[in-house]
Amino acid sequence: MSDVLTKAVTKIKVIEDADATDEVAEAYDYWRASSGRTKVPGVIKSLSARPDFLKQAVDFSNTIQFSEGHLSRRHKEMIGSYVSFLNSCPYCLDSHAFFLKMQGANDQTVAGFLAGDLEKADLTYAERALMRYVKIVTEGAYRSTPDDVQKLREAGWKEEQIAEAVYVIALFAMFNRIANAFGVPVQNYMAMGRMTP
Amino acid sequence: MSDEQEKKTLMPDYIQDISKLGLKIKLIQDAEATGDTAKAYDEWRAASGRTQMPGILKCFGQRPDFLRHVMQFSNTVHFSEGHLSRRYKEMIASYVSYLNRCPY
């Protein structure tokens, strides 16, 4: 990632953990209870202007991203990492490449996703087909064709898996825009080799 | 001028024509929905007072649990007054949809 990307500066004010009161404090506690962690991540704090929406975001993220579905957790983190690279979101790329590592991806694969160079990543034929589709939808969903989807079916992906891949791509389109619009500082999970508490 | 022609003059062809690519991923249609998908569709009908599921919501038919979340947070953040008015939210939605070339 270039310096420009990693030197994110905060652009829109968020409510910090210590300053949260009332509904915002309650929403932060909702995230803490759901995650079992204490320090609210920047992207979650970006939602502090609407604590009711924050709680819903915790719920739908758990439903569609942080659980097994039609797609495995590992495939969801591949999608999340690659979309975040394509949308130039250093915050999300750092954290989801780390989650991808936690899902058992080897160092070479994680490095490939961090660099946006999937040639280097240790991927199956089906995973490569899926990542090509992720790129098409992220760079312009309107340009995707029935043939692009057919190639996924031929690679072995089922209709419900393709649908869920689109939900995950869209989820990251949303969070990448929120993190970059707010200018959320990178958490450096990859460099630290662990999450914040 | 027919309705169809009028629509074409209001939305530029390069956006309007995107829908000509047709359906790419299968949607679960109203009539073929079963189990929890049928239940989630019924919940939308009861909440909206309408009968035919909009295409954008049918895109979520493969994960009815997620569809429910989508309906809820859309109401929370878009289809209600907030820090911004409903009118400003629809200005934002219309312009983002134009910029992302989403004719729907």
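Our structure's up above, just so we're on the same page.
Caption draft 1: Layout of the overall build of chain B. Looking only at helices and strands, chain B has 6 helices and 0 strands in total. Going from the N terminus to the C terminus, chain B shows its helices and strands as α-α-α-α-α-α. The C-alpha extent of chain B, read off along each of the three principal axes, is 40 × 35 × 25 Å. A buried classification covers 33% of the 104 residues belonging to chain B. Residue pairs in contact within chain B that sit at least 24 positions apart in sequence constitute 45% of those at least 6 positions apart.

Caption draft 2: Just the overall build of chain A, in detail. Secondary structure summary: chain A contains 11 helices and 0 strands in total. The order of helices and strands in chain A, counted from the N terminus, is α-α-α-α-α-α-α-α-α-α-α. Scaling as 2.2 N^0.38, a compact globule of 197 residues should have a C-alpha radius of gyration of about 16 Å, and chain A matches this with 17 Å. Dimensions of chain A along its principal axes, counting C-alpha atoms only, are 50 × 35 × 30 Å. The 197 residues of chain A split such that 50% are buried. When contacts within chain A are restricted to residue pairs at least 6 apart in sequence, long-range pairs at least 24 apart make up 68% of them. When the accessible area of chain A is evaluated, it comes to approximately 9,000 Å², of which 54% is carbon and sulfur surface. Taken together, the 23 basic and 25 acidic charged side chains of chain A have centroids lying 4 Å from each other.

Caption draft 3: Region of interest: helix α7 (residues 107–115) of chain A. Residue and element names in this part refer to chain A. Along α7, the residues classified as buried are Thr109, Val110, Gly112 and Phe113. The buried residues of α7 occupy an angular sector of 155° when the element is viewed end-on, so they sit on one face. Residues of α7 that are buried make contact with α5 (73–86), α6 (90–102), α8 (125–140) and α11 (189–192). Directly beyond the C-terminal end of α7, a positive phi value near 65° is found at glycine 116.

Caption draft 4: Local environment of the packing of helix α3 (residues 35–48) of chain B against helix α5 (residues 64–77) of chain B. All names here are of chain B. For the pair α3 and α5, the least separation of the axes is 9 Å and the interaxial angle reads 15°. In terms of axis orientation, α3 runs roughly parallel to α5. Seen from above, α3 lies across α5 with left-handed handedness. On the side of α3, the interface is formed by Asp36, Thr37, Lys39, Ala40, Tyr41, Glu43 and Trp44, while α5 contributes Pro64, Asp65, Leu67, Arg68 and Met71. A per-class count over the contact of α3 with α5 returns 6 nonpolar, 1 polar and 5 charged.

Caption draft 5: Up close: the interface of chain B and chain A. Taken together, the contact between chain B and chain A spans 23 residues of the former and 27 residues of the latter. Taken together, the two surfaces of chain B and chain A that pack against each other cover about 2,200 Å², and 63% of this comes from carbon and sulfur. Contact with chain A buries surface across chain B, with B:Lys24, B:Ile25 and B:Arg63 losing the most and accounting together for 29% of the total. For the pair chain B and chain A, the number of links is 1 salt bridge.

Caption draft 6: A look at the pattern of salt bridges. Tallying each qualifying case throughout the model produces 23 salt bridges over all chains. Across the pair A:Lys135 and A:Glu139 runs a salt bridge, and its minimum N-O distance is 3.4 Å. Taken together, the residues A:Lys135 and A:Glu139, both in helix α8 and 4 residues apart, mark about one turn of the helix. Here B:Lys58 makes a salt bridge to B:Asp30, at a shortest N to O gap of 3.5 Å.

Caption draft 7: A look at the layout of surface pockets. Residues and elements named next belong to chain A. What the second largest pocket holds in volume is close to 570 Å³. Trp31, Arg37, Phe66, His96 and Phe99 are the residues nearest the centre of the second largest pocket, which is lined by 27 residues in total. For the lining of the second largest pocket, the elements supplying multiple residues, two or more each, are α2 (22–35), α3 (42–45), α4 (51–64), α6 and α10 (159–182). By residue number, the principal contributor to the lining of the second largest pocket is α6, which donates 6 residues.

Caption draft 8: Examining unusual backbone geometry more closely. Phi is positive for A:Ser88, close to 50°, though the residue is something other than glycine. Mapped onto the elements, A:Ser88 comes out in the loop between α5 and α6. A:Ser88 gets classed as partly exposed once you look at its relative accessible area, which sits at 34%. In this structure, B:Arg101 takes a positive phi of about 55° despite not being glycine. Mapping B:Arg101 onto the fold places it in the segment after α6 (86–99).

Caption draft 9: Focus on the packing of aromatic side chains. Residue and element names in this part refer to chain A. Counted under the stated rule, the structure contains 13 aromatic pairs over all chains. With a centroid separation of 6.5 Å and an interplanar angle of 35°, the aromatic rings of phenylalanine 60 and phenylalanine 175 are classed as tilted. In this pair, phenylalanine 60 sits in helix α4 while phenylalanine 175 sits in helix α10, placing the two residues 115 residues apart along the sequence. Look at phenylalanine 60 and you get buried, because its relative accessible area is 1%. Given the relative accessible area of 10%, phenylalanine 175 is considered buried.

Conventions used here
Residues numbered from 1 in each chain as written. Chains lettered and ligands numbered in written order. Predicted model: local features only at pLDDT ≥ 70, side-chain atom pairs only at ≥ 80, totals over all residues. Heavy atoms only, no water. Helix = DSSP H or I, 4+ residues; strand = E, 2+ residues; numbered from the N terminus. Buried < 20%, exposed > 50% of the residue type's maximum accessible area, 1.4 Å probe, protein only. Contact = heavy atoms within 4.5 Å. Rg over C-alpha atoms; globule rule 2.2 N^0.38 Å. Areas by Shrake-Rupley, 256 points an atom, 1.4 Å probe, with all protein chains shown as cover. Lys, Arg positive; Asp, Glu negative; His and termini not counted. Charge placed at Lys NZ, Arg CZ, Asp CG, Glu CD. Arc of directions from axis to C-beta. Axes fitted to C-alpha atoms, helices over the stretch in contact; angles between N-to-C directions. Parallel < 35°, antiparallel > 145°, perpendicular 65-115°, else oblique. Left-handed = near helix turned anticlockwise from the far one by under 90°. Nonpolar A, V, L, I, M, F, W, Y, C, P; charged D, E, K, R; others polar. Buried area = accessible area lost by both parts, 1.4 Å probe. Salt bridge = Lys/Arg side-chain N within 4 Å of Asp/Glu carboxyl O. 1 Å grid on protein atoms, 1.4 Å probe; cavity = no way out; pocket = protein on both sides within 12 Å on 5 of 7 lines; lining within 4 Å. Points joined across faces, edges and corners; volume = space filled by probe spheres on them. Phe/Tyr/Trp six-rings, centres within 6.5 Å; stacked < 30°, edge-to-face > 60°.

Take it as geometry only, folks, not as evidence of what the structure does.
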